[in-house]
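Coordinates in review
Chain residues, written in single-letter form:
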Amino acid sequence: MTTGCARRSPMMRAVVSRAMAACVAAMVVAPLASCVSDGPTRPTPGPQPSNIAPNSLQMWVRTPLPDVDGNGFPDTLPVTVYLFAEGYDLAVDVPGTFRFELLSAEGRVARVWELSVDEARAAVRRAGPGPAYVFALSLLDGGSDRVRRQSVDLTATFTPLPSELGPPPMPVRARTTTIQVGG
């Protein structure tokens with residue numbers, strides 16, 4: 001006795017197999033296509049308050065580090081910084097200064113970059129989560145890029161300008177980011 005499948009031609013079995021696969025796919029996709037959130041939607045944040053004080057700083061360093069001068073040693077740290085303030089959903093743009101410190105593998109300060117209010121203002125770019133500060137910190141500023149390959153730590157501190165409307169603002173520091181430098 002033969003089963004119904006065995007009597008079918010190979011072409012017919014392929015058609016049936018495809019049809020079954022299409023049915024399974026439709027059973028999976030159809031419920032997903034009709035999903036709708038009944039929960040409340042998040043309101044769009046209003047404009048940034050004028051006297052907002054950041055209390056969090058998030059920093060990212062894009063790797064691998066570029067070798068701008070082409071000598072075979074990475075020399076530029078592409079850094080993006082976002083400032084956040086409690087009670088406001090987006091990143092904020094606040095006048096102030098930045099200080100970046102590069103700490104050697106032994107924990108000694110290897111480089112320092114201090115950026116003025118004007119330099120910080122010039123670094124602001126519009127991004128999805130709000131204003132971003134985008135910097136290119138060069139190892140060639142005050143030193144050489146010809147260092148042994150090693151892990152180093154980068155720290156960032158933002159100090160807001162004082163305001164006449166309230167207490168002196170507190171500096172905000174980023175979590176240390178570890179990167180590789182040298183060749």
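Going by the structure above, here's the rest.
The text that follows walks through the structure, step by step, so that each part is easy to find. Source: prediction; values computed, not measured. (Residues numbered from 1 in each chain as written. Predicted model: local features only at pLDDT ≥ 70, side-chain atom pairs only at ≥ 80, totals over all residues. Heavy atoms only, no water.)

Moving on: the overall build of the protein chain. The secondary structure content of the protein chain amounts to three helices and nine strands. Within the span of the protein chain, comprising 183 residues, buried residues form 32% of the whole. Of the contacts formed within the protein chain by residues at least 6 apart in sequence, a portion of 65% connects residues at least 24 apart. Roughly 11,900 Å² of accessible area belongs to the protein chain as shown, and the carbon and sulfur atoms make up 59% of that amount. (Helix = DSSP H or I, 4+ residues; strand = E, 2+ residues; numbered from the N terminus. Buried < 20%, exposed > 50% of the residue type's maximum accessible area, 1.4 Å probe, protein only. Contact = heavy atoms within 4.5 Å. Areas by Shrake-Rupley, 256 points an atom, 1.4 Å probe, with all protein chains shown as cover.)

As summarised here, the arrangement of the four strands in space is β1-β2-β6-β5, forming an open sheet in which the pairing is antiparallel. Pairing within the sheet leaves two strands with one partner each, and these edge strands are β1 (56–61) and β5 (124–127). Taken over all neighbouring pairs, the strand axes of this sheet differ in orientation by 30 degrees on average, direction set aside. Pairing between β5 and strand β6 (residues 130–138): four bridges, direction antiparallel. Bridge assignment links A127 to a residue of β6, and that residue is G130. (Pairing = 2+ DSSP bridges. Axes fitted to C-alpha atoms, helices over the stretch in contact; angles between N-to-C directions.)

Let us look at the packing of aromatic side chains. Using the criterion set out here, one finds eight aromatic pairs in the structure. Three or more aromatic residues joined by ring pairs form one cluster here, namely F98, F100, Y133, F135 and F158. (Phe/Tyr/Trp six-rings, centres within 6.5 Å; stacked < 30°, edge-to-face > 60°.)

Before going further, it helps to spend a moment on the nonpolar core. Nonpolar side chains tend toward joint burial in soluble globular proteins. Of all hydrophobic cores here, the largest spans 33 residues; its most connected members are L57, L77, V79, F98, F100, F135 and L154. Non-local contacts of F98, meaning those with residues more than four positions away in its chain, are made with L57, V81, L83, W113, E114, L115, A120, Y133, F135, T157 and F158. (Core = buried A, V, L, I, M, F, W, Y, C linked by side-chain atoms within 4.5 Å.)

Turning next to the pattern of salt bridges. In this structure the tally under the stated criterion is six salt bridges. The closest approach of N and O atoms between E114 and R99, which form a salt bridge, is 2.1 Å. With E114 in strand β4 (residues 109–115) and R99 in strand β3 (residues 96–103), the pair connects residues that are 15 residues apart, well separated along the chain. On the accessibility criterion, E114 (56% relative accessible area) is exposed. (Salt bridge = Lys/Arg side-chain N within 4 Å of Asp/Glu carboxyl O.)

With respect to the element layout, R111 can be found in strand β4. Despite being buried, R111 has no salt bridge partner; D145 is the closest side chain of opposite charge, sitting 7.2 Å away. Within polar-contact distance, the side chain of R111 engages the backbone oxygen of L139 at 2.9 Å. Polar side-chain contacts of R111 include one of 2.5 Å to the backbone oxygen of S144. Once you skip the residues sitting within four places of it in the chain, R111 turns out to touch F100, E101, L102, L139, D141, G142, G143 and S144. (Lys, Arg positive; Asp, Glu negative; His and termini not counted. Polar contact = N/O pair within 3.5 Å; in protein donor to acceptor, adjacent residues only side chain to side chain.)

Mapped onto the secondary structure, S144 falls in the loop between β6 and β7 (150–160). With 38 residues separating them along the chain, S144 and G182 place their C-alpha atoms 9.9 Å apart. Excluding anything up to four places from it in sequence, S144 contacts R111 and L139. Side-chain polar atoms of S144 contact the backbone nitrogen of R146, separated by 2.9 Å.

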